[in-house]
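Structural description and commentary
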Amino acid sequence: MIHMRDVSKIYENGVLALDHVSIDIGKGEFVFVVGASGAGKSTFIKMLFREELPTSGELEVNGHDVVRMEHSEVPYLRRGLGVIFQDYRLLPDKTVFENVAFAMQVIEAPRRLMQRSVNAVLDVVGLRDKYKNFPSQLSGGEQQRVAIARAIVNDPAIVIADEPTGNLDPETSWDIMDIFQRINAAGTTIVMATHDKTIVDTMQRRVVAIEDGHIVRDEAQGVYGYEV
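Since the model is a prediction, treat every value here as computed from it, not as a measurement.

1. Remarks on the sheet that holds strand β1 (residues 2-10)
Taken in spatial order, the four strands of this open sheet run β2-β1-β4-β5, and their pairing is antiparallel. The strands lining the two open edges of the sheet, one partner per strand, are β2 (16-25) and β5 (64-65). Across six bridges, β1 lies against β2 in antiparallel orientation. Across the sheet, Lys9 pairs through a bridge with Leu18, a residue of β2. The strands touched by helix α1 (residues 41-48) within the sheet are β1, β2 and β4 (56-61), with β1 carrying the most contacts at an inclination of about 125 degrees.

Shown next as structure tokens:
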């Protein structure tokens, strides 16, 4: 699924974000990426969907050579990924249904399949009854549910989540994590950057800790391990 070999990232301002990082993440894993702010977590996450490119090293994601691929190939990489952000990134002028359907319109899915698939994922996230609502009419937790539905509607092999519970209260965060666990139980690989110590410590999934651009800890049933 994800194979990273000796990857480094140096930004134009001279900041070394990742320093010779190597890691393998297999099909069906649930991996938390943890570390203090500025440790390199976001750079690590962004490389997986090619928002950032390594300065050196090799990176393969879902069978795609992320480093050597042509720009025209990037959409094909991203079709196999579901990406979820802390700030939701919903389209404000589109309804819940339209926001989720947009991900299928991009890949020119048939209209009948679109109707069926969008309704199915809205059931998964518990928002079928709010399909006509606009983002401004939803709570933060509901908006994040829409973002998850949009990310999984094309049945991606890998879901990448960057601080998906960062703006949510604890109860809502657990509702969101329950959705992620169900997605993972169905076979989807999940890679999630998070600062939520309680969630990481309670779930005890694989934990990859990044510090000063290095992987300093990789545990099969890990804990957060940082003061927050």
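2. Focus on the layout of surface pockets
Volume-wise, the largest pocket comes out at about 630 Å³. If you go around the largest pocket, you meet 19 residues; those closest to its centre are Arg78, Leu81, Val83, Ala103 and Arg150. Counting residues per element, the ones that place at least two in the lining of the largest pocket are α2 (74-79), β6 (81-85), α3 (96-106) and α5 (140-152). The dominant element in the lining of the largest pocket, judged by the number of residues it contributes, is β6, at four residues. Broken down by class, the residue content of the lining of the largest pocket amounts to 13 nonpolar, two polar and four charged. Of the voids in this model, the second largest pocket is the one considered here, and its volume is about 210 Å³. Elements with a contribution of two residues or more to the lining of the second largest pocket: α4 (111-124) and α6 (170-185). Tallying contributions element by element places α4 first for the lining of the second largest pocket, with four residues. In terms of residue class, the lining of the second largest pocket is built from nine nonpolar, three polar and two charged.

3. Notes on the confidence of the model for the protein
Mean pLDDT over the protein stands at 94; residues scoring 70 or higher make up 99%. Looking over the protein, one finds the lowest element-wise mean pLDDT in α2, namely 92, and the highest in β4, namely 98.

4. Looking at the sheet that holds strand β10 (residues 214-219)
In spatial order, the strands read β6-β7-β8-β3-β9-β10; together these six strands make up an open sheet with mixed pairing. Whereas interior strands pair on both sides, the edge strands pair on one side only; in this sheet they are β6 and β10. With strand direction ignored, the average angle separating the axes of adjacent strands in the sheet is 15 degrees. Two strands pair when backbone bridges link them, and β6 and strand β7 (residues 158-162) are joined in this way by five bridges, in the parallel orientation. For Gly82, the partnering residue across the bridge sits in β7 and is Val159.

5. Regarding the pattern of salt bridges
Per the stated rule, a full pass over the model turns up twelve salt bridges. Note that Glu52 and Lys9 form a salt bridge whose closest N and O atoms lie 3.6 Å from each other. Remark: Lys9 occurs in strand β1 and Glu52 occurs in the loop between α1 and β4; sequence separation between them is 43 residues. In this structure Glu52 comes out as buried when scored by relative accessible area, which is 18%. Between Asp178 and Arg182 there is a salt bridge, and its shortest N-O distance comes to 3.2 Å. Note that Asp178 and Arg182 are positioned in helix α6 at a spacing of four residues, about one turn of the helix.

6. Concerning α4
The end-to-end C-alpha distance of α4 is 20 Å, a good match for the 20 Å that 14 residues give at a rise of 1.5 Å each. Every buried residue belonging to α4 is among Met114, Ser117, Val118, Asn119, Val121 and Leu122, and all of these are buried. Considering only its buried residues, α4 is in contact with α3 and α5. Trailing α4 by a residue or two, Gly126 shows a phi angle of about 75 degrees, which is positive.

So, how was this worked out
Residues numbered from 1 in each chain as written. Predicted model: local features only at pLDDT ≥ 70, side-chain atom pairs only at ≥ 80, totals over all residues. Heavy atoms only, no water. Pairing = 2+ DSSP bridges. Helix = DSSP H or I, 4+ residues; strand = E, 2+ residues; numbered from the N terminus. Contact = heavy atoms within 4.5 Å. Axes fitted to C-alpha atoms, helices over the stretch in contact; angles between N-to-C directions. 1 Å grid on protein atoms, 1.4 Å probe; cavity = no way out; pocket = protein on both sides within 12 Å on 5 of 7 lines; lining within 4 Å. Points joined across faces, edges and corners; volume = space filled by probe spheres on them. Nonpolar A, V, L, I, M, F, W, Y, C, P; charged D, E, K, R; others polar. pLDDT = per-residue confidence, 0-100. Salt bridge = Lys/Arg side-chain N within 4 Å of Asp/Glu carboxyl O. Buried < 20%, exposed > 50% of the residue type's maximum accessible area, 1.4 Å probe, protein only. Expected span 1.5 Å × (residues − 1).

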